[in-house]
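# Per-entry structural report
The lines below spell out each chain.
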Amino acid sequence: MFSVLVAHMGLFPGGVIVMDIFFVLSGFLITGLLLAEHDRKGKISIRDFYVGRAYRLLPAFFAYVAVGAVLVLALKGPEQRQEFFENALSSLLYVNNYYCVDHVPCGASWFGHTWSLSLEEQFYLLWPPVLILLWRRESWRKHLTLYLMGGALLVLVWRLVLIWWGASTMRLYYGLDTRADSLLIGCALGMWKHQKFRRRDEPAPPVVDLLVKFTPLATAALVYLCTVAPELEKDITWLDRGGFTVLGLLSAVLVLGADRAPNSLLIRALSLPWVTACGRVSYAVYLWHFPVTMVAGLALMQRLGTVGGVLAATAISLVLAWLSLVLVERPAQKLRARRLQRRRDLAAAAAASAASAADG
């Protein structure tokens, strides 16, 4: 998240690379969670999945929009207000990525980053029911990893077709249909792990150990690519012509290496208390860092220097994120926990009543 903040301050060209790593990790984790639920319960509850996502994302986002609306109504003119509310609506409906294709620049100081949230939620809307459908037949289930990798290849081909048709760079960058290759690669990795080597202590196919050995090389390649990432707003680049898919594959090697080597330097660094604490507010930081960097980023750097400005923007974003966590997100999660407990209590009472009636 810090790298994205720095990228939005115009100091780091690799924000687009980081997003692809995140997409792969996201597909990997969500697939693992869905399949683990199937192992525990014998099914995947789409309702529970969507309700969980709603409790996780919407309360903080509603608060973010409410605060933004108050400030925009108080401080901005009619044009900026209209832009804010159009972007707020498209973001709340999770279609902001496609809205931005025809509205460049999009989102001004409040919603220029929510395209990625829209893209992810569109994928999460589609992937669980598709997974359930494909999982039902053994012949499909057996080859799901290959199907997913084939899907990633089709996304690449579709991007090339759109380039041939003259699609804009923003169409290629924002669309789920043109950026899903990294998500599908992450899903394929999660599927492969579940089917071949679920636990770290299980023997894995030899190719897994071979790929893990390439983790440092994949990491170095991603770091290098972060330093030479092109500007996507101007022309079609190597990223559009296959680079995004290559990034997805490199990111998959990185994710696999981290998953298979829990004692690695990377995992130990990510397990530090202050890092895990930042992880708990990562979604709120994602929301709040954008207006901070867009409105105050340049002024902070002019007053405090580049490093001081970045640190100040980070601190402000963390404070706003912490307030979101304490005032909005934790109460929402507690409400969900109470409702889940109430459902369990009612189910237990119904079961006890049925057993008592059967005994009688």
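Higher on the page you've got the structure.
Reading the values: rules and limits
- Residues numbered from 1 in each chain as written.
- Predicted model: local features only at pLDDT ≥ 70, side-chain atom pairs only at ≥ 80, totals over all residues.
- Heavy atoms only, no water.
- Helix = DSSP H or I, 4+ residues; strand = E, 2+ residues; numbered from the N terminus.
- Buried < 20%, exposed > 50% of the residue type's maximum accessible area, 1.4 Å probe, protein only.
- Contact = heavy atoms within 4.5 Å.
- Areas by Shrake-Rupley, 256 points an atom, 1.4 Å probe, with all protein chains shown as cover.
- Core = buried A, V, L, I, M, F, W, Y, C linked by side-chain atoms within 4.5 Å.
- Phe/Tyr/Trp six-rings, centres within 6.5 Å; stacked < 30°, edge-to-face > 60°.
- Lys NZ or Arg CZ within 6 Å of the ring centre and 35° of its normal.
- Polar contact = N/O pair within 3.5 Å; in protein donor to acceptor, adjacent residues only side chain to side chain.
- Axes fitted to C-alpha atoms, helices over the stretch in contact; angles between N-to-C directions.
- Parallel < 35°, antiparallel > 145°, perpendicular 65-115°, else oblique.
- Left-handed = near helix turned anticlockwise from the far one by under 90°.
- Nonpolar A, V, L, I, M, F, W, Y, C, P; charged D, E, K, R; others polar.
- Salt bridge = Lys/Arg side-chain N within 4 Å of Asp/Glu carboxyl O.
- Patch = residues over 30% accessible without salt bridge, like charges linked within 9 Å, V, L, I, M, F, W, Y side chains within 5 Å.
- Lys, Arg positive; Asp, Glu negative; His and termini not counted.
- Charge placed at Lys NZ, Arg CZ, Asp CG, Glu CD.

## Concerning the overall build of the protein
Counting its secondary structure elements, the protein contains 16 helices and zero strands. Looking at the protein as a whole, 44% of its 360 residues are labelled buried. If you take every contact in the protein between residues at least 6 apart in sequence, the share linking residues at least 24 apart comes to 75%. Within the structure as shown, the protein displays about 19,000 Å² of accessible surface, and the carbon and sulfur contribution to it stands at 68%.

## Quick word on the nonpolar core
Of all hydrophobic cores here, the largest spans 58 residues; its most connected members are Val16, Ile17, Phe123, Trp127, Leu131 and Met191. Among the secondary structure elements, those contributing two or more residues to this core are α2 (15–41), α5 (96–101), α6 (114–135), α8 (144–164), α9 (169–174), α10 (176–196), α12 (215–228) and α13 (239–260). With sequence-adjacent residues up to four places away left out, tryptophan 127 is seen in contact with Ile30, Thr31, Leu34, Leu148, Cys187 and Met191. Membership of the second largest hydrophobic core comes to 17 residues, among which are Leu57, Ala88, Leu287 and Trp288.

## Quick word on the packing of aromatic side chains
Considering all chains together, one arrives at 21 aromatic pairs under this definition. Seen from their ring centres, phenylalanine 61 and phenylalanine 111 are 6.5 Å apart, and the 65 degrees between their planes marks the pair as edge-to-face. Of this pair, phenylalanine 61 sits in helix α3 (residues 46–75) while phenylalanine 111 sits in the loop between α5 and α6, placing them 50 residues apart in sequence. According to the relative accessible area criterion, phenylalanine 61 is buried, its value standing at 0%. Taking relative accessible area as the criterion, phenylalanine 111 reaches 1% and is therefore assigned buried. With a centroid separation of 4.9 Å and 80 degrees between ring planes, the pair formed by tyrosine 64 and tryptophan 288 is classed as edge-to-face. Note that tyrosine 64 is positioned in helix α3 and tryptophan 288 in helix α16 (residues 282–359), a separation of 224 residues in sequence. Summarising the burial analysis for this pair, tyrosine 64 and tryptophan 288 share the class buried. Counting every residue linked through ring pairs, the aromatic cluster contains Phe61, Tyr64, Phe84, Phe85, Trp110, Phe111 and Trp288. It is arginine 141 that lies over the ring of tryptophan 135; its NZ or CZ is 5.4 Å from the centre. Over the ring of phenylalanine 244 we find arginine 179, and its NZ or CZ is 4.0 Å from the ring centre.

## As for the side chain of threonine 293
Within the secondary structure layout, threonine 293 lies in helix α16. The buried category is assigned to threonine 293, whose relative accessible area is 4%. Polar side-chain contacts of threonine 293 include one of 3.0 Å to the backbone oxygen of phenylalanine 290. Aside from chain neighbours lying at most four places away, what touches threonine 293 is Leu5, His8, Met9 and Leu298.

## With respect to the packing of α6 against α10
Axis separation between α6 and α10 bottoms out at 11 Å; the angle between their running directions is 45 degrees. Taken together, the axes of α6 and α10 lie oblique to each other. Relative to α10, the crossing made by α6 is right-handed. For the pair α6 and α10, the contacting residues are Trp115, Leu119, Glu120, Gln122, Phe123, Leu126, Trp127, Leu131 and Trp135 in the first and Leu176, Arg179, Leu183, Leu184, Cys187, Met191, His194 and Gln195 in the second. Considered class by class, the residues forming the contact of α6 with α10 number twelve nonpolar, three polar and two charged.

## Here's the deal with the side chain of serine 118
Turning to its location among the elements, serine 118 is positioned in helix α6. Judged by relative accessible area, serine 118 falls into the buried class, the value being 1%. Filtering out sequence-adjacent residues up to four positions away, serine 118 remains in contact with Ser90, Ser91, Tyr94, Val95, Asn96 and Asn97.

## Section: the pattern of salt bridges
In total, this model carries eight salt bridges according to the counting rule given. Between aspartate 177 and arginine 171 there is a salt bridge, with its nearest N and O atoms 2.6 Å apart.

## Here's the deal with the packing of α12 against α13
Helix packing for two helices is described by the angle between their axes and how far apart those axes are. At their nearest, the axes of α12 and α13 sit 9 Å apart, and the two run at 135 degrees to each other. By the angle between their directions, the pair α12 and α13 is classed as oblique. By crossing handedness, the relation of α12 to α13 is classed as left-handed. Along its contact with α12, which presents Thr215, Ala218, Thr219, Ala221, Leu222 and Leu225, the element α13 presents Leu247, Leu250, Ser251, Val253, Leu254 and Gly257. Considered class by class, the residues forming the contact of α12 with α13 number eight nonpolar, four polar and no charged.

## So, a positive patch on the surface
Residues Arg280, Arg330, Lys334, Arg338, Arg339 and Arg342 make up a contiguous surface patch of positive charge. Top element by residues in the positive patch is α16. It accounts for five residues. Within the secondary structure layout, arginine 338 lies in helix α16.

## Brief notes about a nonpolar patch on the surface
Together, Val319, Trp322, Leu323, Val326 and Leu327 give the surface a local cluster of nonpolar side chains, amounting to about 470 Å² of exposed area. Of note, leucine 327 is situated in helix α16.

In short, geometric facts, not functional conclusions.
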